[in-house]
Every structure is written in C-alpha cells, then in structure tokens.
Amino acid sequence: MRKTRPSARRPIAQELSAAETEKMLNKIGKALKNKRQARTTLESFSYEINISRSAMTRYESGGDMYLSTFLKLLHGLDIKPEEFFKDV
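Report on the accompanying structure. Chains are numbered independently. Their residues run from 1 in the order of the written sequence. Totals for whole chains, interfaces and linings use all residues, but because this is a predicted model, local features are given only for residues with pLDDT of at least 70 and pairs of side-chain atoms are given and counted only at 80 or more. Hydrogens and water are ignored here; the side-chain numbers use all heavy atoms of the structure.

### Focus: the pattern of salt bridges
Point 1. Any carboxyl oxygen of Asp or Glu within 4 Å of a side-chain nitrogen of Lys or Arg constitutes a salt bridge here. By the definition in use, this model includes three salt bridges.
Point 2. When the shortest N-O distance is used, the salt bridge between arginine 36 and glutamate 60 registers 2.8 Å. Highlighted residues: arginine 36 in helix α1 (residues 18-39) and glutamate 60 in helix α3 (residues 53-60), separated in sequence by 24 residues.
Point 3. Residue arginine 36 is classed as buried on the basis of its relative accessible area of 6%.
Point 4. Judged by its relative accessible area of 9%, glutamate 60 is buried. Helix numbers and strand numbers start at the N terminus; a helix is a DSSP run of H or I with at least 4 residues, a strand a run of E with at least 2. Here's how the labels work: a residue is buried when its accessible area is under 20% of the maximum for its type, exposed when over 50%, partly exposed in between, all with a 1.4 Å probe on protein chains only.

Here's what the structure looks like:
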C-alpha cells in the first residue's frame, strides 16, 4: 500500500523577506563599488569585463543580478567569493 503525502508541507527554510533581500543586495552593491573604486574607474572596469556601464551602476546600487554575473564581477576584481563576503 502506498503512503500518501500530507497536502500542506512546511518549507524547509524560512523565506527571506523583501526588505532583508533589498538590504543584503545594497550591502553587496556597496562592497562591489568600494572594491571597484579602489582598483579603477566605472567606465574602465565595465569595458574590461564586458558589462554595460548602466548595468554596473545598477549592480553597485543594489540591483539584483544573476549569480554568473556576480562571479564575473568578482573575477574582474580578482577576488574570491569567500574573500568578498568577509566585508559584507
């Protein structure tokens, strides 16, 4: 006999609120901007990593991005993810 699953399942992890998500994205953006400014200008960096200036401005202002884009930014800054998150 097959067991039936309960229809209402609790989520495994608590959902991150929109406010907390925005707060974290702003912290990440600020850290990206600080690290980029210590290295080069916005225009030069955007050109080097082939991301538009407007997209880079959006990311540094706390805009959402794909994980692959975030990794591309870190690679362009020559920073490992674990090193980056020490400051966030």
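### Description of the packing of aromatic side chains
Point 1. Between the rings of Phe, Tyr and Trp (Trp by its six-membered ring), a pair exists once the centres lie within 6.5 Å; its type follows the angle of the planes, with under 30 degrees stacked, over 60 edge-to-face, and the other angles tilted. If you walk through the whole model with that rule in mind, you get three aromatic pairs.
Point 2. Here phenylalanine 70 and phenylalanine 84 contribute two aromatic rings whose centre-to-centre distance is 5.3 Å and whose plane-to-plane angle is 75 degrees, an arrangement assigned as edge-to-face. With phenylalanine 70 in helix α4 (residues 67-77) and phenylalanine 84 in helix α5 (residues 81-84), this pair connects stretches of sequence that are 14 residues apart.
Point 3. A relative accessible area of 7% places phenylalanine 70 in the buried class.
Point 4. Relative to phenylalanine 85, the ring of phenylalanine 84 lies with its centre 5.2 Å away and its plane at 85 degrees, an arrangement referred to as edge-to-face.
Point 5. The class of phenylalanine 84 is buried, set by a relative accessible area of 0%.
Point 6. Taken together, the aromatic side chains of Phe70, Phe84 and Phe85 make up a single cluster linked through ring pairs.

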